[in-house]
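Reading the structure
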Amino acid sequence: MQEQQKIIDAAVAFVKEELTEAEGGHDWWHIYRVWQQARHIAAKETVDPLVVELGALLHDIADSKFHDGDENIGPAKATAFMLSLGLPEATITHVVNIIRHISFKGGNNEQTFYSTELGVVQDADRLDALGAIGIARAFNYGGFKNRALYDPGITPDLNMSRETYKKSTAPTINHFYEKLLLLKDRMNTTTGKELAIERHGFMETFLEKFFKEWG
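What comes next concerns the included structure. Quick caveat, the model's predicted, so the values are computed rather than measured.

Conventions we followed
- Residues numbered from 1 in each chain as written.
- Predicted model: local features only at pLDDT ≥ 70, side-chain atom pairs only at ≥ 80, totals over all residues.
- Heavy atoms only, no water.
- Helix = DSSP H or I, 4+ residues; strand = E, 2+ residues; numbered from the N terminus.
- Rg over C-alpha atoms; globule rule 2.2 N^0.38 Å.
- Buried < 20%, exposed > 50% of the residue type's maximum accessible area, 1.4 Å probe, protein only.
- Lys, Arg positive; Asp, Glu negative; His and termini not counted.
- Charge placed at Lys NZ, Arg CZ, Asp CG, Glu CD.
- Axes fitted to C-alpha atoms, helices over the stretch in contact; angles between N-to-C directions.
- Parallel < 35°, antiparallel > 145°, perpendicular 65-115°, else oblique.
- Left-handed = near helix turned anticlockwise from the far one by under 90°.
- Contact = heavy atoms within 4.5 Å.
- Nonpolar A, V, L, I, M, F, W, Y, C, P; charged D, E, K, R; others polar.
- Salt bridge = Lys/Arg side-chain N within 4 Å of Asp/Glu carboxyl O.
- Polar contact = N/O pair within 3.5 Å; in protein donor to acceptor, adjacent residues only side chain to side chain.
- Phe/Tyr/Trp six-rings, centres within 6.5 Å; stacked < 30°, edge-to-face > 60°.
- Expected span 1.5 Å × (residues − 1).

**Things to note about the overall build of the chain**
Scanning the chain from terminus to terminus reveals 10 helices and zero strands. In summary, the chain has a C-alpha radius of gyration of 17 Å against a globular reference of 17 Å for 215 residues, a match within 12%. For the chain, the spread of C-alpha atoms along the principal axes amounts to about 60 × 35 × 30 Å. When the 215 residues of the chain are sorted by exposure, 46% land in the buried category. A gap of 2 Å separates the mean positions of the 23 positive and 31 negative side-chain charges of the chain.

Okay, structure coming up:
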């Protein structure tokens, strides 16, 4: 247990350093929230706690949307870090699989890898995209990319391919329909599903008020 804590402490230090200049919705505090939420969910599941914690801590170590869509930088950085700690190959492979498969890729993409550990971390990450914090993160990223808040002439695309989703420059409000409002029904764990309901409802209320004020 003490050895595992040293590994987690090293991962925390590594992630804090790597994400010092990160966009506000994908910074250390996003990682911290996902990490803590993953630990909460994991307590009610049969999982490898080290894999869950490392998966949560390293899942956005190099998010592809900040690296020209390159989905290999994050796994490579995480692998190098875990190798430096001398972690078992099975642990490294499992954590890297979580990093590669955690993200929402658009409405038409099937997940090709699954484990209970991935389910836990994915739920924790998705919960951070919902509710008040999810709304704040969506508009923070939209501002970071200089996107419109809303454009009545641009309707949400619910059938985007993986590549189209990655390259989308649609207004931030569209993102609610293209991703955020879909997450409640894609949660993996009982705890995740329960927590998602309230956050989903909050977003629906926000959108109702947004369109009322817009009109």
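We are not done yet, so read on.
**Concerning the packing of helix H2 (residues 28-42) against helix H3 (residues 49-58)**
As a packed pair, H2 and H3 sit with axes 8 Å apart at the nearest point and diverge in direction by 160 degrees. Taken together, the axes of H2 and H3 lie roughly antiparallel to each other. In the packing of H2 onto H3, the handedness of the crossing is right-handed. Across from Trp28, Ile31, Val34, Trp35, Ala38, Arg39 and Ala42 in H2, the residues of H3 making contact are Val52, Glu53, Ala56 and Leu57. Of the residues contributing to the contact of H2 with H3, the split by class is nine nonpolar, no polar and two charged.

**What to know about the side chain of Glu178**
Mapping Glu178 onto the fold places it in helix H9 (residues 172-178). No salt bridge is formed by the buried Glu178, whose closest oppositely charged neighbour, Arg147, lies at an N-O distance of 7.1 Å. Among the polar contacts made by the side chain of Glu178, one reaches the main-chain amide nitrogen of Asp157 at a distance of 2.9 Å. The contact partners of Glu178, leaving out residues within four places of it in the chain, are Phe104, Pro156, Asp157, Leu158, Met160, Ser168 and Ala170.

**Remarks on the packing of aromatic side chains**
Considering all chains together, one arrives at 16 aromatic pairs under this definition. Plain terms: the ring middles of Tyr141 and Phe144 are 6.3 Å apart, the flat faces sit at 25 degrees to each other, and that makes the pair stacked. Taken together, the residues Tyr141 and Phe144, both in helix H7 (residues 131-144) and three residues apart, mark about one turn of the helix. Tyr141 gets classed as buried once you look at its relative accessible area, which sits at 12%. With 4.8 Å between their ring centres and 80 degrees between their planes, Tyr150 and Trp214 make a pair best called edge-to-face.

**Observations concerning helix H6 (residues 116-127)**
The end-to-end C-alpha separation of H6 is 16 Å, in line with the 16 Å expected for 12 residues at 1.5 Å each. Judged by how many residues are buried, H6 sits mostly within the fold: 11 of 12 residues are covered. Among the residues of H6, those classed as buried are Glu117, Leu118, Gly119, Val120, Val121, Gln122, Asp123, Ala124, Asp125, Arg126 and Leu127. Next to the buried residues of H6 lie H2, H3, helix H5 (89-101) and helix H10 (190-214).

**Quick look at the environment of Leu130**
Structurally, Leu130 is set in the loop between H6 and H7. With a relative accessible area of 1%, Leu130 lands in the buried category. Each C-alpha atom, one on Leu130 and one on Gly201, is 9.3 Å from the other, the two residues being 71 residues apart in sequence. Ignoring anything within four residues of it in the chain, the contact list for Leu130 reads Leu180, Leu183, Ala196, Arg199 and Met203.

**Side note on the packing of H3 against H5**
One way to put it is that H3 packs onto H5 with a least axis distance of 9 Å and a crossing angle of 45 degrees. For the element pair H3 / H5, the angle class is oblique. Two packed elements cross with a definite hand, and for H3 against H5 that hand is right-handed. Between H3 and H5, the residues in contact are Val51, Leu54, Gly55 and Leu58 and Thr91, His94, Val95, Ile98 and Ile99, respectively. Its residues assigned to classes, the contact of H3 with H5 shows six nonpolar, three polar and no charged.

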